[in-house]
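Below are the chains, spelled out letter by letter.
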2 protein chains.
Amino acid sequence: MNGAHSLVRTLLRAGVDTCFANPGTSEMHFVAALDQVEGMRCVLGLQENVVTGMADGYARIAGRPASTLLHCGPGLANGLANLHNARRARAQMVNIVGDQATYHRPHDAPLTMDTASLAHTVSGWVRVSTSAGEVGRDAAAAVQAARALPGHVATLILPSDTCWDEGGAVAEPLPALEAEPLDPNQVERAARVLRGGEETLILLGGTALKAPGQEIAWRIASATGASIMADFVTGHVARGRGRLPMARVPYAPDAAREALGRFRHIILVSAKPPVTFFAYPGQPSIEYAEDAQLHILARKEQDPVAALTALADELGAPPAAMPDPGPCPEPGSGPATPEGLARTVAALMPENAIVSDETISYGRGLYQETFAAPAHDMLHLAGGAIGDGMPVATGAAVAGGGRRVINLQADGSAMYTIQSLWTQARERLPVTTIILNNRSYNILIGEYAGVGATPGPTAIKMLDLGNPDLGWVQIANGMGVEAAKANTLEELADLLRQSFASPVPFLIDLSI
Amino acid sequence: MNGAHSLVRTLLRAGVDTCFANPGTSEMHFVAALDQVEGMRCVLGLQENVVTGMADGYARIAGRPASTLLHCGPGLANGLANLHNARRARAQMVNIVGDQATYHRPHDAPLTMDTASLAHTVSGWVRVSTSAGEVGRDAAAAVQAARALPGHVATLILPSDTCWDEGGAVAEPLPALEAEPLDPNQVERAARVLRGGEETLILLGGTALKAPGQEIAWRIASATGASIMADFVTGHVARGRGRLPMARVPYAPDAAREALGRFRHIILVSAKPPVTFFAYPGQPSIEYAEDAQLHILARKEQDPVAALTALADELGAPPAAMPDPGPCPEPGSGPATPEGLARTVAALMPENAIVSDETISYGRGLYQETFAAPAHDMLHLAGGAIGDGMPVATGAAVAGGGRRVINLQADGSAMYTIQSLWTQARERLPVTTIILNNRSYNILIGEYAGVGATPGPTAIKMLDLGNPDLGWVQIANGMGVEAAKANTLEELADLLRQSFASPVPFLIDLSI
């Protein structure tokens, strides 16, 4: 058995049965093994940032890792931005990168790069296999590392001779690594703060934002009067009816400071202390009050649900029914507004939908208007590197097994990984993309105003996307996806109903 | 003056007057400075690999660096593959990357990455400015480094506070760094080999492949009977009438070994010893005879034209008229073939055109058929990371000041940086793109055969680009570029004539 066969069989045995790929010459033996060993679903992306973004979206919905297959250093380089996002979203991923054969590398052939250095910038675990006999063992270790809390990008670099040489051995799955144990002092300190009655925020991150974590957090809040918010930097929030109608820390620094400034204590549950995305002249980096006290209930390597449970028990917090978010909104009407868009999507989305949110400047009213929508999973851009909305939607649909995916997609960001549409068409995935077409990098126009200057022609040229306007319907059609324009929320609603009734992808170019 | 203003003024003073950009929030003060200081042409790309590829193409034609403007680690990450190609092409580039403010970095805000580590993988020079007062000086040093032989990607990382703080100072241009001196022994050794009369190849790389280097190499070859070839790994070759009708080392290992195997000596002129792109089981890495002797006439840090001149003088080689390549070919007819495509392009291209060659599997007959074309510059994919053909064409057109650019573009590679078309439309650049549409990663289908297996459904799914077929005309139209299909070489010729008569971009979807 060659190394490549041992790799595929080891991955399958460890439960990794989906491979997002853009292979090259140095991965041909892996491709052959995928062909010859049954059981791996292979999904092609036409550029590597689509591939890595799909693997991220898959993991966020499946709760287990897919593998990637990337070609040498440059293939990894192309996929780095969405690996960065996956890292920030704490997604599980077995990131497989083919590379020059061990003995060929010293010749510095053209595609040779410092692949390992690139991998280290985005990975929680990196290994370079050095012989066919190690590949199975290394693959099992990669799966184990990917699945360890809080979820990691585990990058396995495979020189091509480790794949084609004989001597491969299938490895048994390694046991799951346990979460780091809770510290009873952390729980007691949090309880003491909550009993003290000062303004306290419980800030949820990571897997605390799934439904079970929300329920226990709500028990605690109901018993103590504490507030609950979702970290801004998060890849996945369970939302809609039956879930907690909680706010997310705002993106805009002023709004974040307003939302957080009143709290004397912040209890961090698998969340980091909130800081601004960027620094601004004369403004602080932190978004909470300077004299607020931060208390860590669970580090990201600890189980946040176990920590919340221990805290609720310590407080003797009784069960609490989740708050009623009120009636589901009606679809909006007239020209698009952020709130009208959110209400229209909330009104029409089917039960158990997945929303891939790369709304950037337009999505700031989204949360409030979708509390009463049917239960859904919301996937956010956690790392800030634009271009993950479309591939994450695509990978989520692969994992979703027929669940409707709604991609709320800013136009500038869409152009980063527009090739995703082709994979949606090829795999016949139920993804409905709404392009929020404002013909600009609108967020930057706002940021430019912060510089204190009026943009002149050179600046405008770097911030607007008109001249020429992008023809989204043509672009989508060219990649095999049906598409239409919507100029009003009524037109949007009609197209959404039509798309939700069909199992294939569809794109709506919404003028905003 | 703030740091950003000192940056723009220093770049302009050093002759860098073109900036390919995709800025973000942390670069807004640089954008404001570009707006407020006159003289910099700013060209927006809709994804960073387009931006870096354009800067590469610009430098190859202009012979001097442009600057880029990239957004934080993720923006640099997105542009790395074409920085890798630029490095292999030895292009000059001042690669400017904005980043988190110095005091904000420790907070590990979402977009924070190890920017410097990423930069080191592709750059010949990296510096992180640490205060506004250093920015001008650092920018002058970056330009100097970019221009040093053989040409470098010089990456300057600018934390945002170094741009907005006052205290910036414009720096004077630094003197050009001289080439490393020639070693007379290198010249004498090469002369001795050539006088010995054994089968000898003069292998030209880097700037030796411009017209002056070719002329002197031909003098030497005419006087000694040596052969001349162009390195495969090269970004730029002067070709057509008046230039040397020389072959390029073939890509395919068997063909390369056949072309190189007879030589007892290889004289390397700013070229590296030829090795295969990839290793293959049981095959050698080197493409020349195991017992051939390699002789370095010029390392890449030395001036290859000076070295060739010294060698010609040492040999007393008299002037030699360049060989006549014969009549210019006629356009081809019937279904497309590699040779027919090459003849059609050769027959119709205007004088002084630029060809951006990302033909991959289809271009192997290109050289032979275009020896007698009008004089032109041929730009090749030097680093092997697919996706440079379209942005290099775009940047070359920006530098070309109206020169016609012909982009021979494989379909799979085109999808990597398809956003280039939008910039071509916005800037109204005279780029004619010919998509070589074989609906597959054809080179990989050939490589898969080398594994010794017949591709089954899983492998085919990862190697073909059909299902759905890409609609190139729709995609181009959606990005503002007119386009049409050609099913025969006659149709291609008609569309080429039409495009060459118009100053705006055009795309031809050629069925092959």
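Residues numbered from 1 in each chain as written. Chains lettered and ligands numbered in written order. Predicted model: local features only at pLDDT ≥ 70, side-chain atom pairs only at ≥ 80, totals over all residues.

Asker: For this particular structure, what's the right way to read the overall build of chain A?
Answerer: Counting its regular elements, chain A contains 20 helices and 18 strands. Computed over C-alpha atoms, the radius of gyration of chain A comes to 23 Å, within 12% of the 24 Å expected from 2.2 N^0.38 for 512 residues, which places it in the range of a compact globule. Counting only C-alpha atoms and orienting by the principal axes, one finds that chain A spans roughly 65 × 60 × 45 Å. Residues counted as buried form 66% of the 512 residues belonging to chain A. Within chain A, contacts between residues separated by at least 24 positions form 80% of all contacts whose residues are at least 6 apart in sequence. (Helix = DSSP H or I, 4+ residues; strand = E, 2+ residues; numbered from the N terminus. Rg over C-alpha atoms; globule rule 2.2 N^0.38 Å. Buried ≥ 20, exposed ≤ 12 C-beta atoms within 10 Å, placed from the backbone. Contact = placed C-beta atoms within 7 Å.)

Asker: It is not clear to me how helix α17 (residues 442–450) of chain B should be interpreted in this structure. Could you clarify?
Answerer: Spacing of three or four residues puts side chains on the same side of an α-helix, whose turn is 3.6 residues. Within α17 of chain B, the full set of buried residues consists of N442, I443, L444, E447 and Y448 of chain B. Residues of α17 of chain B that are buried sit in contact with α2 (28–36) of chain A together with α18 (457–463) of chain B. G452 of chain B sits one or two positions beyond α17 of chain B and adopts a positive phi of about 90 degrees.

Asker: Can you walk me through unusual backbone geometry in this structure?
Answerer: Comment: phi is negative for the bulk of residues other than glycine, and the bulk of peptide bonds are trans. Residue and element names in this part refer to chain A. With an omega of -5 degrees, the peptide bond between N467 and P468 qualifies as cis. For P468, the location among the structural elements is in the loop between α18 (457–463) and α19 (472–478). In the Ramachandran plot, R428 falls in the positive-phi region, its phi being about 50 degrees despite a non-glycine side chain. With respect to the helices, strands and loops of the structure, R428 is situated in the loop between α16 (420–426) and β16 (431–437). Unlike most non-glycine residues, N467 shows phi in positive territory, near 55 degrees. Note on N467: 13 C-beta atoms within 10 Å, which makes it partly exposed.

Asker: Help me out: how do you make sense of the packing of helix α1 (residues 3–13) of chain A against α2 of chain A in this one?
Answerer: Relative orientation and spacing of two packed helices are given, respectively, by the angle between their axes and the distance between those axes. Residues and elements named next belong to chain A. Between α1 and α2, the least distance of the axes is 8 Å, while the angle of their chain directions is 50 degrees. With respect to each other, α1 and α2 are oriented oblique. The handedness of the crossing between α1 and α2 is right-handed. Where α1 approaches α2, its residues A4, H5, L7 and V8 are matched on the opposing element by H29, F30, A32, A33 and L34. (Axes fitted to C-alpha atoms, helices over the stretch in contact; angles between N-to-C directions. Parallel < 35°, antiparallel > 145°, perpendicular 65-115°, else oblique. Left-handed = near helix turned anticlockwise from the far one by under 90°.)

Asker: Can you help me understand the sheet that holds strand β10 (residues 247–248) of chain A in this one?
Answerer: Adjacent strands of a sheet form backbone hydrogen bonds with each other and so pair up, either parallel or antiparallel. Residues and elements named next belong to chain A. Taken together, the five strands give an open sheet; going across it, the order is β10-β8-β7-β11-β12, and neighbouring strands pair in parallel fashion. Every interior strand has two partners, whereas the edge strands, β10 and β12 (293–298), have only one. Across five bridges, strand β7 (residues 200–204) lies against strand β11 (residues 265–269) in parallel orientation. What sits directly across from L201, in β11, is I266. Along the sheet, helix α9 (residues 211–224) makes contact with β7 and β8 (227–230), crossing β7 at roughly 175 degrees. (Pairing = 2+ DSSP bridges.)

Asker: Hey, could you run me through the domain arrangement of chain A in this one?
Answerer: Where interface size is given, it is often the accessible area lost as the parts come together that is meant. Residue and element names in this part refer to chain A. Split into domains, chain A comes out as domain 1 (3–164), domain 2 (184–315) and domain 3 (338–511). Look at where the C-alpha atoms of domain 1 and domain 3 centre, and you get two points 29 Å apart. Residue-level contacts link 25 residues of domain 1 with 25 residues of domain 3. A per-element tally of the side of domain 1 that touches domain 3 places helix α3 (residues 48–62) first, with eleven residues. Tallied by class, the residues present in the side of domain 1 that touches domain 3 amount to twelve nonpolar, nine polar and four charged. (Domains from an automatic or database assignment. Nonpolar A, V, L, I, M, F, W, Y, C, P; charged D, E, K, R; others polar.)

Asker: In this structure, what is going on with the relation of the copies chain A and chain B? I would like to understand it.
Answerer: The operation linking the two copies of the chain is a rotation about an axis combined with a translation along the axis. In the superposition of chain A on chain B (RMSD 0.0 Å, axial shift 0.0 Å), the rotation amounts to 180 degrees. The two molecules are tied by a two-fold rotation axis, judged by turn and shift. Closest approach to the rotation axis among the C-alpha atoms of chain A is made by I475 of chain A, whose C-alpha sits 2.3 Å away. Of all interface residues in chain A, 100% are interface residues in chain B too; the two copies therefore contact each other through one and the same surface. (Least-squares fit on C-alpha atoms with pLDDT ≥ 70 in both.)

Asker: Before we go on, may I ask you to explain the interface of chain A and chain B in this structure?
Answerer: Each partner contributes to the interface: chain A provides 78 residues, whereas chain B provides 78 residues. At seven residues, the largest contribution of residues to the side of chain A that touches chain B is made by helix α4 (residues 72–89) of chain A. Residues belonging to the side of chain A that touches chain B are distributed by class as follows: 45 nonpolar, 26 polar and seven charged.

Asker: Explain the packing of helix α3 (residues 48–62) of chain B against helix α14 (residues 389–400) of chain B to me, please; I cannot follow it from the model alone.
Answerer: All names here are of chain B. Two elements in contact, α3 and α14, have axes separated by 6 Å at closest approach and are oriented at 45 degrees. Put simply, α3 runs oblique to α14. Note that α3 runs across α14; the crossing there is right-handed. From α3, N49, V50, G53, M54, A55, D56, G57, Y58, R60, I61 and A62 reach across to α14, where they touch P391, V392, A393, T394, G395, A396, V398, A399 and G400. Grouping the amino acids of the contact of α3 with α14 by side-chain chemistry returns twelve nonpolar, six polar and two charged.

Asker: I keep staring at the environment of T112 of chain B and nothing clicks. Help me out?
Answerer: Residues and elements named next belong to chain B. Tracing the chain through its elements places T112 in the loop between β4 (93–99) and α5 (115–120). What makes T112 buried here is the crowd of 22 C-beta atoms within 10 Å. Along the backbone, T112 and G400 are 288 residues apart, and their C-alpha atoms lie at a distance of 37 Å. Leaving out residues up to four positions away in the same chain, T112 has contacts with G73, Q100 and R105.

Asker: What am I meant to see in the pairing of strand β5 (residues 125–128) of chain B here?
Answerer: Residues and elements named next belong to chain B. When β5 meets strand β6 (residues 153–159), the two strands line up parallel, connected through four bridges. Within β6, the residue paired with R127 across the bridge is L156. Tracing the backbone out of β5, into helix α6 (residues 132–147) and back to the parallel element β6 gives a crossover that is right-handed. (Right-handed = clockwise from strand over helix to strand, strands pointing away.)

Asker: Mind showing me how you'd approach the environment of L201 of chain B here?
Answerer: Structurally, L201 of chain B is set in strand β7 (residues 200–204). The sequence separation of L201 of chain B and F263 of chain B amounts to 62 residues, and the corresponding C-alpha distance is 6.3 Å.

Asker: Explain the environment of A146 of chain B here, please?
Answerer: All names here are of chain B. Assignment of secondary structure puts A146 in helix α6. Once the C-alpha coordinates of A146 and R64 are considered, the two residues, 82 residues apart in sequence, prove to be 8.6 Å apart. If we skip the residues at most four places from it in the chain, A146 touches P65, Q92, M93, V94, H152 and A154.

Asker: In this structure, what is going on with helix α11 (residues 304–315) of chain B? I would like to understand it.
Answerer: Residues and elements named next belong to chain B. Here α11 is twelve residues long and its end C-alpha atoms lie 16 Å apart, about the 16 Å a rise of 1.5 Å per residue gives. In this structure, the buried side of α11 is in contact with α8 (184–196), α9 (211–224), β11 (265–269) and β12 (293–298). Just past α11, the residue G316 takes up positive phi, approximately 60 degrees. (Expected span 1.5 Å × (residues − 1).)

Asker: Looking at this structure, I do not really get the sheet that holds strand β15 (residues 405–410) of chain A. What am I missing?
Answerer: Residues and elements named next belong to chain A. In spatial order, the strands read β9-β14-β13-β15-β16-β18-β17; together these seven strands make up an open sheet with mixed pairing. With one partner strand each, in any of the chains shown, β9 (236–239) and β17 (482–486) form the two edges of the open sheet. Across this sheet, the average inter-strand angle for adjacent strands is 20 degrees, counted without regard to direction. In terms of strand pairing, strand β13 (residues 353–358) meets β15 through five bridges, oriented parallel. Looking across to β15, one finds that D357 is bridged to L408.

Asker: So what exactly am I meant to see when it comes to the confidence of the model for chain A here?
Answerer: Low pLDDT means the predicted atomic positions in that stretch should not be read closely. Residues of chain A with pLDDT of at least 70 account for 100%, and the chain-wide mean is 96. Here the prediction assigns the complex a pTM of 0.98, and the interface score ipTM is 0.97. (pLDDT = per-residue confidence, 0-100.)

Asker: In this structure, what is going on with the pairing of β4 of chain B? I would like to understand it.
Answerer: Successive side chains on a regular strand alternate, one facing one side of the sheet and the next facing the other. All names here are of chain B. Of all seven residues that make up β4, seven are buried, and the element is covered over most of its length. Burial along β4 is two-sided: M93, N95, V97 and D99 and V94, I96 and G98, pointing in opposite directions, are all buried. The pairing of strand β3 (residues 66–71) with β4 spans four bridges and is classified as parallel. Bridge pairing in β4 places S67 opposite V94. In terms of handedness, the path from β3 via helix α4 (residues 72–89) over to β4 forms a crossover that is right-handed. With seven bridges joining them, β4 and β6 adopt parallel strand pairing. Following the sheet pairing, V94 is matched in β6 by A154.

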